[in-house]
Amino acid sequence: MLTASVKTTKTKILGTICVILALIIGTILFFAGKGPEEAAESISRRVTNNEERREYLALKGVETAPEPSSVEEVLLPKNDAVFKEYCEKQKAAGYDISSYLGKKAVRYVYPVKGTEEVYAALYVCDEKIIAADVASYTEGWQKPVDGNQNIG
């Protein structure tokens, strides 16, 4: 049998405990999830002009016409069953717009290049993209912009 003895003092034990606690706290802070506002900020992107909106869509795989076909201010409904389903689909794609319900946003609709009757829509609130989708109004489908677009 092998035994070992270690001569320590209370100061060394207390120092070791402090170091271990500091490592544990540091690890927790490093790996802890972001709060809802920070998470929304990391997914959302600040856009201030047409070029930045189009660049965002291009980064997600959606090439659009140079100018939006429509720009309108919309009120995001709080208690609407259809819009609730839309919010769930957006959330699955990384856009949590629940904190914006009941607020006004600007919807920018762009024709998608290389397609007929397919449009990309961006919802912007306080210069942040809070939702994005592509849709064919004639074929009756709509899906969130998630970077895996297969359009046309």
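Provided above is the structure to which this section pertains.
Residues numbered from 1 in each chain as written. Predicted model: local features only at pLDDT ≥ 70, side-chain atom pairs only at ≥ 80, totals over all residues. Heavy atoms only, no water.

Q: Explain unusual backbone geometry to me, please; I cannot follow it from the model alone.
A: Glycine aside, residues mostly have negative phi angles, and peptide bonds mostly take the trans form. Positive phi values are uncommon outside glycine, yet Asp126 reaches one of about 55 degrees. With respect to the helices and strands, the residue Asp126 is situated in the loop between β3 (118–125) and β4 (128–136). Under the relative-accessibility criterion, Asp126 is labelled exposed at 56%. A positive phi angle, near 65 degrees, is found at Glu127, a position not held by glycine. (Helix = DSSP H or I, 4+ residues; strand = E, 2+ residues; numbered from the N terminus. Buried < 20%, exposed > 50% of the residue type's maximum accessible area, 1.4 Å probe, protein only.)

Q: It is not clear to me how the nonpolar core should be interpreted in this structure. Could you clarify?
A: Within soluble globular proteins, side chains that are nonpolar tend to cluster in buried spots. Counting 31 residues, the largest nonpolar core has Leu76, Ile97, Tyr123 and Ile130 as the members making the most contacts within it. At the level of secondary structure, the elements contributing two or more residues to this core comprise α3 (50–59), α4 (81–92), β2 (104–111), β3 and β4. With near-sequence residues (within four places) excluded, Ile97 lies in contact with Phe83, Tyr86, Cys87, Ile130 and Ala131. (Core = buried A, V, L, I, M, F, W, Y, C linked by side-chain atoms within 4.5 Å. Contact = heavy atoms within 4.5 Å.)

Q: Honestly, the pairing of strand β5 (residues 141–144) in this entry has me stumped. Any pointers?
A: In the case of a regular strand, side chains alternate between the two sheet surfaces. Across four bridges, β4 lies against β5 in antiparallel orientation. Bridge pairing in β5 links Val134 to Lys143. (Pairing = 2+ DSSP bridges.)

Q: Teacher, can you tell me more about the packing of aromatic side chains here?
A: In this description, a pair of aromatic rings is defined by centroid distance and the angle of the planes. In the structure shown here, the tally under the stated rule is three aromatic pairs. Centre to centre, the rings of Phe83 and Tyr86 are 5.4 Å apart; their planes meet at 25 degrees, and the pair counts as stacked. You can see Phe83 and its partner Tyr86 sitting in helix α4, three residues apart, about one turn around the helix. Residue class for Phe83 comes out buried when judged on its relative accessible area of 14%. By relative accessible area, which is 11% here, Tyr86 ends up buried. (Phe/Tyr/Trp six-rings, centres within 6.5 Å; stacked < 30°, edge-to-face > 60°.)

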